[in-house]
Amino acid sequence: MQTKTQQLNKYYFKTKRMFLGMQGTDGLLFKVLIYGLLIGIGFVYLYPLLYMGVYSFKSLDDLLNPLVNWIPTQFYTGNYEQANKVMDFFSTLMETLYVTVLPALAQTAVAAVVGYGLARFEFKGKKIIFILVLATFIIPPQVTLIPRYIFFNELNILGSLSAFLLPATFGQGLNSAIFILIFYQFFRAVPKALEEAAQLDGAGHFRIFFTIALPMALPAIIISFLFSFVWYWNETYLAAIYFGDALTTLPLQLQKFVATYQKMFPAEMGVSGGNQLNEGIKMAGTVLSILPLLIVYFITQRWFVEGVDRSGITGE
Amino acid sequence: MKRLRNNRNITGLLFVSPWIIGFLIFTAFPLLYSLFLSFQQVKITTDGIKTKFVKFGNYEYAFTVDGTFLDRVMTYLEEMVISVPIIIVFSLIIALLLNQKVKFRGVFRTIFFLPVIIASGPVIKELIDQGITTIPSIEQYAIYQTLNDNPEGFFNGILLYLIKNLIVILWYSGVQILIFLAALQKMDKQIFEAAKIDGASNWEFFWKITLPSLVPMIVVNLIYTIVTYSVFSLNPIIEHIQKNMFKVDTGYGYASALSWIYFLLIAAALAIAVGAMTLKRKKNYT
């Protein structure tokens, strides 16, 4: 009798430990809860993307058929063909790369230089400059938009890449403050010994910067470039105003997707279906406009995630 | 020695000079100029821009005549007051979950950061139009239907907004999750062990140690959230400013005034949010 209760007790504790764990964080129940939440929220996060992907492959019949929900009955690529025509995908892609890669490069380069200057040198007014750099982050672009617009108009660079490139080259691009901060934190974390040794050997500051500091900062350069690239890519407000009709990007094309579509395929009176714009085509357009970013992200995602660490806002 | 220091002084300035020049030309001057424009009536003629001083005319117009602007400001503030705390709390919860010993942490991090990459204005707009930014199949539930039937009333409006835009709101949290996660992972494990020995439960540990030590990160995230939320291209105020910029009867002067009001609003929101966080912190420590 005695042994039986003991045995039961033992089992009881064993199962309890299995479910609730020793410390409250390693039990099975807790694990299930955490994974359940993560997977559930992850699904909610991905839901719009899944929906987009599925709908972009649905033919008109599938769209109208209420029984077809998540799996299209056939692999239909007609939507993509239409969307490709409307957005003129490849030439727009090239243009988008042109107006995003170059400003991103300029922005990264200047952020490296400025960040290095702030991290390695002491000079009068450095504190003020540092505060101003951070302050530029909270100034909404709308406030400087109109004067810049007038200014660019006078310089006659509206509708050309310079409208993006010029501010970026002088550290006033999109979120420049963040990139300067990333380089500042990076250079402060790197030991000075190598640079001091080079200085003793008689190298000048600029030579040290280009031959020693810059190669070391490769991770920061990659991170800044990627973030900058993505932010320029997704910027439609300023792009629409500065570029007008002269230059276009994939997100801008998506913005006027419906209008372009109707111009290209005028709705024929009385004939329904056929050339009508439908959900599937719109979704295909949306997928096309984010596909390049998705590819870049999946190749380089480790850098994006590290980037937040590197910005050092988590405090060192 | 002094010359050497002077030399370093100048080199430092040289390194920073591109930014200083850029700041003066592309930020400081435009800021002042738009402030100047906001007190003017601007007419664009063939000889250039003609301005006429109208005192606070533009500002008065914004608050008295232009109903849309006030409306939009109110919705913007309302939505911000709802969304920002949700974003902060949600990203903190996700960060706490990811900070546990989970397998595939990398995969989850990739998923939660993904929206930051693709969330441009037109894409989000397309998603909202398709109605896929709400919780899947919420329309079938009774709560939603009763809410949808009476959209008036303060709380109903808020709830409806929440339900309809939940995914978009959650999508704003990518960067914030990573900031919290990075901070959590840098926390000293020894504190946790010490607290354990003293008999603190996980719950107590979170409220008494984890959360207070995260306050600076919460402030950073608040600033980041408010700023990104405010300058996002779907923001109704931004749209209104743009519309007025190219309108003949209002023009640059009025648009400048609007953008300055908007700037001050953002600054005030930031000041209140950051102020509230730091005040609370002081109280905790005394």
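What you see is a predicted model, and the numbers here were worked out from it, not measured in a lab.

Enquirer: Got a minute to help me understand the overall build of chain B in this structure?
Expert: Counting its regular elements, chain B contains 12 helices and 2 strands. Secondary structure elements in chain B, listed N-terminal to C-terminal, are α-β-β-α-α-α-α-α-α-α-α-α-α-α. Looking at chain B as a whole, 47% of its 286 residues are labelled buried. In chain B, the share of contacts with a sequence separation of at least 24, taken over all contacts with a separation of at least 6, comes to 68%.

Enquirer: I keep staring at the packing of helix α3 (residues 67-99) of chain B against helix α4 (residues 105-118) of chain B and nothing clicks. Help me out?
Expert: In a packed pair of helices, the relevant descriptors are the angle between the two axes and the axis-to-axis distance. Residues and elements named next belong to chain B. Look at α3 against α4: their axes get within 10 Å of each other, and the N-to-C directions meet at 165°. By the angle between their directions, the pair α3 and α4 is classed as roughly antiparallel. In the crossing of α3 with α4, the sense of the turn from one axis to the other is left-handed. Contact residues: α3 offers Ile94, Leu98 and Asn99, while α4 offers Arg105, Phe108, Arg109 and Phe112.

Enquirer: Explanation requested: the interface of chain A and chain B in the structure shown.
Expert: Accessible area lost during the coming together of the parts is what is often quoted as the interface size. Every contact between the two is made by 91 residues of chain A and, on the other side, 87 residues of chain B. Summing the contributions of chain A and of chain B, the shared interface buries around 8100 Å²; its carbon and sulfur component is 78%. Here chain A and chain B share 1 salt bridge between them. Between Lys282(A) and Glu126(B) there is a salt bridge, with its nearest N and O atoms 3.8 Å apart. Summed over the shared surface of chain A and chain B, the result is 11 residue pairs in polar contact (both at pLDDT 80 or more). Considering only residue class, the side of chain A that touches chain B consists of 63 nonpolar, 19 polar and 9 charged.

Enquirer: Could you clarify how one ought to interpret the nonpolar core in this entry?
Expert: Buried together is how nonpolar side chains tend to be arranged in soluble globular proteins. In this structure, Tyr45(A), Phe187(A), Tyr242(A), Phe112(B) and Phe113(B) are the most contacted members of the largest nonpolar core, which totals 184 residues. Counting only domains with at least three residues in this core, you end up with domain 1 (2-80) and domain 2 (89-310) of chain A. When neighbours within four sequence positions are excluded, Tyr45(A) is seen to be in contact with Phe90(B), Ile111(B), Phe112(B), Pro115(B), Leu170(B), Trp171(B), Ser173(B) and Ile177(B).

Enquirer: How do you make sense of the side chain of Ser230(B) when you look at a structure like this?
Expert: Residue and element names in this part refer to chain B. Secondary-structure assignment places Ser230 in helix α10 (residues 202-231). A relative accessible area of 0% means that Ser230 is categorised as buried. A distance of 2.7 Å separates polar atoms of two side chains, one belonging to Ser230 and the other to Tyr76. Once residues within four sequence positions are removed from consideration, Ser230 is found in contact with Tyr76, Met80, Asn235, Ile238, Tyr262 and Ile266.

Enquirer: Hey, could you run me through the side chain of Glu235(A) in this one?
Expert: Residue and element names in this part refer to chain A. Along the chain, the position of Glu235 falls in the loop between α12 (218-234) and α13 (237-243). For Glu235, which is buried and forms no salt bridge, the nearest opposite charge comes from Arg148, at a distance of 10.0 Å. Of note is the side chain of Glu235, whose polar atom sits 2.8 Å from the backbone nitrogen of Leu238. Sequence-distant contacts of Glu235, defined by excluding residues within four places in its chain, comprise Phe164 and Leu174.

Enquirer: I keep staring at the UniProt feature "transmembrane region" (unreviewed entry) in chain B and nothing clicks. Help me out?
Expert: All names here are of chain B. Here, the residues flagged by UniProt with the feature "transmembrane region" (unreviewed entry) are residues 12-33, 80-99, 106-124, 158-184, 205-232 and 252-279. Annotated as residues 158-184, this span is 93% helix and 0% strand, and its ends, taken at the C-alpha atoms, are 32 Å apart. In residues 205-232, helix accounts for 96% and strand for 0%; the two terminal C-alpha atoms are 37 Å from one another.

Enquirer: Explanation requested: a nonpolar patch on the surface in the structure shown.
Expert: Together, Phe43(A), Leu50(A), Trp70(A) and Ile71(A) make up an exposed nonpolar region whose accessible area comes to about 420 Å². Mapped onto the fold, Leu50(A) is located in helix α2 (residues 28-56).

Enquirer: It is not clear to me how the packing of α2(A) against α4(B) should be interpreted in this structure. Could you clarify?
Expert: The N-to-C vectors of α2(A) and α4(B) enclose an angle of 30°; their axes lie 10 Å apart at closest approach. Classed by the angle they form, the pair α2(A) and α4(B) counts as roughly parallel. You can see that α2(A) and α4(B) cross each other, and the crossing is left-handed. Taking contact as the criterion, the partners of Leu38(A), Ile39(A), Ile41(A), Gly42(A), Tyr45(A), Leu46(A) and Leu49(A) in α2(A) are, on α4(B), Phe108(B), Ile111(B), Phe112(B), Leu114(B), Pro115(B) and Ile118(B). Residue classes in the contact of α2(A) with α4(B) are distributed as 12 nonpolar, 1 polar and no charged.

Enquirer: Explanation requested: the pattern of salt bridges in the structure shown.
Expert: When the charged atoms of two side chains with opposite charge come close together, those side chains can pair. All names here are of chain A. Taken as a whole, this structure holds 3 salt bridges over all chains when the rule is applied. With a shortest N-O distance of 3.4 Å, Glu122 and Lys126 are connected by a salt bridge. In this structure Glu122 comes out as exposed when scored by relative accessible area, which is 61%. Owing to a relative accessible area of 15%, Lys126 belongs among the buried residues under this scheme.

Enquirer: In this structure, what is going on with the packing of aromatic side chains? I would like to understand it.
Expert: Aromatic ring pairs are reported here in terms of the distance separating the ring centres and the angle at which the planes meet. For the structure on display, the rule yields 49 aromatic pairs over all chains. For the ring pair Phe209(A) and Phe210(A), a centre distance of 5.1 Å and an interplane angle of 70° mean the geometry is edge-to-face. Arranged with centres 6.1 Å apart and planes meeting at 20°, the rings of Phe225(A) and Phe229(A) form a pair that is stacked. Of the two residues, Phe225(A) and Phe229(A) are both situated in helix α12; the distance of 4 residues between them amounts to about one turn of the helix. Judged by its relative accessible area of 6%, Phe229(A) is buried. Taken together through their ring pairs, the aromatic side chains of Tyr116(A), Phe121(A), Phe183(A), Phe186(A), Phe187(A), Phe206(A), Phe209(A), Phe210(A) and Phe15(B) make up a single cluster. The side chain of Lys58(A) reaches across the aromatic face of Tyr55(A), ending 4.0 Å from its centre.

Enquirer: It is not clear to me how unusual backbone geometry should be interpreted in this structure. Could you clarify?
Expert: Most peptide bonds adopt trans geometry, and most residues besides glycine take a negative phi value. Residue and element names in this part refer to chain A. Its identity as a non-glycine residue notwithstanding, Asn156 has a phi of 65°, on the positive side. Turning to its location among the elements, Asn156 is positioned in the loop between α7 (141-155) and α8 (162-169). Overall, the relative accessible area of 65% leaves Asn156 in the exposed class. In this structure, Asn175 is a non-glycine residue whose phi angle is positive, near 50°. Within the fold, Asn175 resides in the loop between α8 and α9 (176-189).

Enquirer: In this structure, what is going on with the environment of Leu159(B)? I would like to understand it.
Expert: All names here are of chain B. Topologically, Leu159 is positioned in helix α7 (residues 154-171). With relative accessibility at 40%, the residue Leu159 sits in the partly exposed group. As a C-alpha pair, Leu159 and Ile82 span 77 residues in sequence and 9.7 Å in three-dimensional space.

Enquirer: What's the story with the environment of Val219(B) in this structure? I'm lost.
Expert: Residue and element names in this part refer to chain B. Following the sequence through the fold, Val219 ends up in helix α10. Val219 sits 51 residues away from Leu270 along the chain, and the two C-alpha atoms are 9.5 Å apart. Not counting chain neighbours up to four residues away, the residues in contact with Val219 comprise Val274 and Met277.

Conventions and cut-offs
- Residues numbered from 1 in each chain as written.
- Chains lettered and ligands numbered in written order.
- Predicted model: local features only at pLDDT ≥ 70, side-chain atom pairs only at ≥ 80, totals over all residues.
- Heavy atoms only, no water.
- Helix = DSSP H or I, 4+ residues; strand = E, 2+ residues; numbered from the N terminus.
- Buried < 20%, exposed > 50% of the residue type's maximum accessible area, 1.4 Å probe, protein only.
- Contact = heavy atoms within 4.5 Å.
- Axes fitted to C-alpha atoms, helices over the stretch in contact; angles between N-to-C directions.
- Parallel < 35°, antiparallel > 145°, perpendicular 65-115°, else oblique.
- Left-handed = near helix turned anticlockwise from the far one by under 90°.
- Buried area = accessible area lost by both parts, 1.4 Å probe.
- Salt bridge = Lys/Arg side-chain N within 4 Å of Asp/Glu carboxyl O.
- Polar contact = N/O pair within 3.5 Å; in protein donor to acceptor, adjacent residues only side chain to side chain.
- Nonpolar A, V, L, I, M, F, W, Y, C, P; charged D, E, K, R; others polar.
- Core = buried A, V, L, I, M, F, W, Y, C linked by side-chain atoms within 4.5 Å.
- Domains from an automatic or database assignment.
- Lys, Arg positive; Asp, Glu negative; His and termini not counted.
- UniProt positions renumbered as here; feature names shortened; annotations may be inferred.
- Patch = residues over 30% accessible without salt bridge, like charges linked within 9 Å, V, L, I, M, F, W, Y side chains within 5 Å.
- Areas by Shrake-Rupley, 256 points an atom, 1.4 Å probe, with all protein chains shown as cover.
- Phe/Tyr/Trp six-rings, centres within 6.5 Å; stacked < 30°, edge-to-face > 60°.
- Lys NZ or Arg CZ within 6 Å of the ring centre and 35° of its normal.

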